[in-house]
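These are the residues of each chain, in order.
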Amino acid sequence: MNPPNTNLRAFNLAVQTLLSTPSKFLPHLTIPTFTHLPENVGAALQAAYSPQEKEGESKPGITIRALVLDKDNTLCPAKTTSFPSKIYSKLHDLRHSPSSPFNINTAPDSILIVSNRAGSHPRYEDEALEIEERLAGLRIPVFRLPERDPQGVAVEKKPFCGKEVLDWLRERGVVQHADEIAVVGDRLGTDVLMASEMGAWSVWCRDGVGEELTKGKRNVLEKMEVWVERYLRESKGLKAPPPRRC
């Protein structure tokens, strides 16, 4: 069995969120694995999430211009840099489909990998470089977590680095607002909470990289998240609140 995530502050935030505003612990869109991610994520969120329009009114569209992707158990089996063939093919399609909002030619900086491992600390730099080498043909970078922000405050990993991720995308002209971002990952306590904290949309990969690769390998916290999500959604009837543009 894998040891639980030692990101203690993130665990504390998850507990506080569940006690105060549990709906923020829920994703806006749930898919089995990353391979099921719709090319037009905005339209999928619109269909699954937005309220019905009244007669004579039109719903504002949801436009997603950037994907922030988790690595471990979303794109690769945990603690590896190995991309299953179906996941790599999905990334290839997102980068090369003429209709994709994340096309490599029309939106070159629109996909960013943000991991609590690769890129989060210099000791994982070799892993980050290996991922970028494997994805060189797709030009998908790994986010390097800065040690400190411009005010000299230490920057922490997910779910607390949303501002730094947003700044990275803004500096490259990909987005203006956080609600143009979809954070995609397998963890509610890091990926979904980061999206909630930064004002982005969240997409939860419920089965990680796939049941055939994760069966029997999930730690206690990961299993608890699946149970909590089902309980909040089915028993409590809760739904994630939409991002609020600041």
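Residues numbered from 1 in each chain as written. Predicted model: local features only at pLDDT ≥ 70, side-chain atom pairs only at ≥ 80, totals over all residues. Heavy atoms only, no water.

Looking at an unreviewed UniProt entry, the protein chain carries the name Mitochondrial PGP phosphatase, with the source organism given as Aspergillus granulosus.

(A) Spotlight on the packing of aromatic side chains. Enumeration according to the criterion identifies one aromatic pair in this entry. Aromatic pair W227 and Y231: ring centres 5.4 Å apart, planes at 5°, arrangement stacked. Of this pair, W227 and Y231 both sit in helix α8 (residues 220-235), four residues apart, which is roughly one turn of the helix. When its relative accessible area of 53% is taken as the criterion, W227 is described as exposed. On the basis of relative accessibility, which here comes to 32%, the residue Y231 falls in the partly exposed class. (Phe/Tyr/Trp six-rings, centres within 6.5 Å; stacked < 30°, edge-to-face > 60°. Helix = DSSP H or I, 4+ residues; strand = E, 2+ residues; numbered from the N terminus. Buried < 20%, exposed > 50% of the residue type's maximum accessible area, 1.4 Å probe, protein only.)

(B) Structural context of the packing of helix α1 (residues 8-20) against helix α6 (residues 188-198). Put simply, α1 and α6 touch, their axes get as near as 10 Å, and they point 65° apart. With respect to α6, the axis of α1 lies roughly perpendicular. For the pair α1 and α6, the crossing hand works out as left-handed. On α6, the residues that touch A10, L13, A14 and T17 of α1 are G189, L193 and E197. Partitioned by chemical class, the residues of the contact of α1 with α6 number four nonpolar, two polar and one charged. (Axes fitted to C-alpha atoms, helices over the stretch in contact; angles between N-to-C directions. Parallel < 35°, antiparallel > 145°, perpendicular 65-115°, else oblique. Left-handed = near helix turned anticlockwise from the far one by under 90°. Contact = heavy atoms within 4.5 Å. Nonpolar A, V, L, I, M, F, W, Y, C, P; charged D, E, K, R; others polar.)

(C) How the structure looks around the side chain of H28. Note on placement: H28 falls in the loop between α1 and β1 (29-31). Judged by relative accessible area, H28 falls into the buried class, the value being 10%. A polar side-chain atom of H28 sits 3.0 Å from the main-chain amide nitrogen of S202. Polar side-chain contacts of H28 include one of 2.7 Å to the backbone oxygen of P241. For H28, the residues in contact, after removing those within four places along its chain, are L45, Y49, A200, W201, S202, A240, P241, P242 and P243. (Polar contact = N/O pair within 3.5 Å; in protein donor to acceptor, adjacent residues only side chain to side chain.)

(D) Here's a closer look at the nonpolar core. F34, L37, V41, I64, L67, L75 and L91 are the most contacted members of the largest nonpolar core, which totals 46 residues. Those residues in contact with L67, other than ones at most four positions away along the chain, are L37, V41, L94, F102, S110, I111, L112, A182 and V184. Formed by 21 residues, the second largest nonpolar core is a distinct cluster that contains L112, V155, V174 and M194. (Core = buried A, V, L, I, M, F, W, Y, C linked by side-chain atoms within 4.5 Å.)

(E) View of unusual backbone geometry. K158 connects to P159 through a cis peptide bond whose omega is 10°. Here P159 is to be found in the loop between α4 (125-134) and α5 (162-171). Even without glycine at this site, N73 takes up a positive phi of about 70°. Turning to its location among the elements, N73 is positioned in the loop between β2 (66-69) and α3 (85-96). What makes N73 buried here is its relative accessible area of 8%. Its identity as a non-glycine residue notwithstanding, K79 has a phi of 65°, on the positive side.

(F) Examining α4 more closely. Among the residues making up α4, those that are buried are E127, A128 and I131. The buried side chains of α4 occupy one side of the element, clustering within an arc of 100° when seen end-on. Projecting away from the buried face of α4 at angles above 90 degrees are the exposed residues D126 and E133. Turning to α4, the residues buried within the fold contact β3 (111-113). (Arc of directions from axis to C-beta.)

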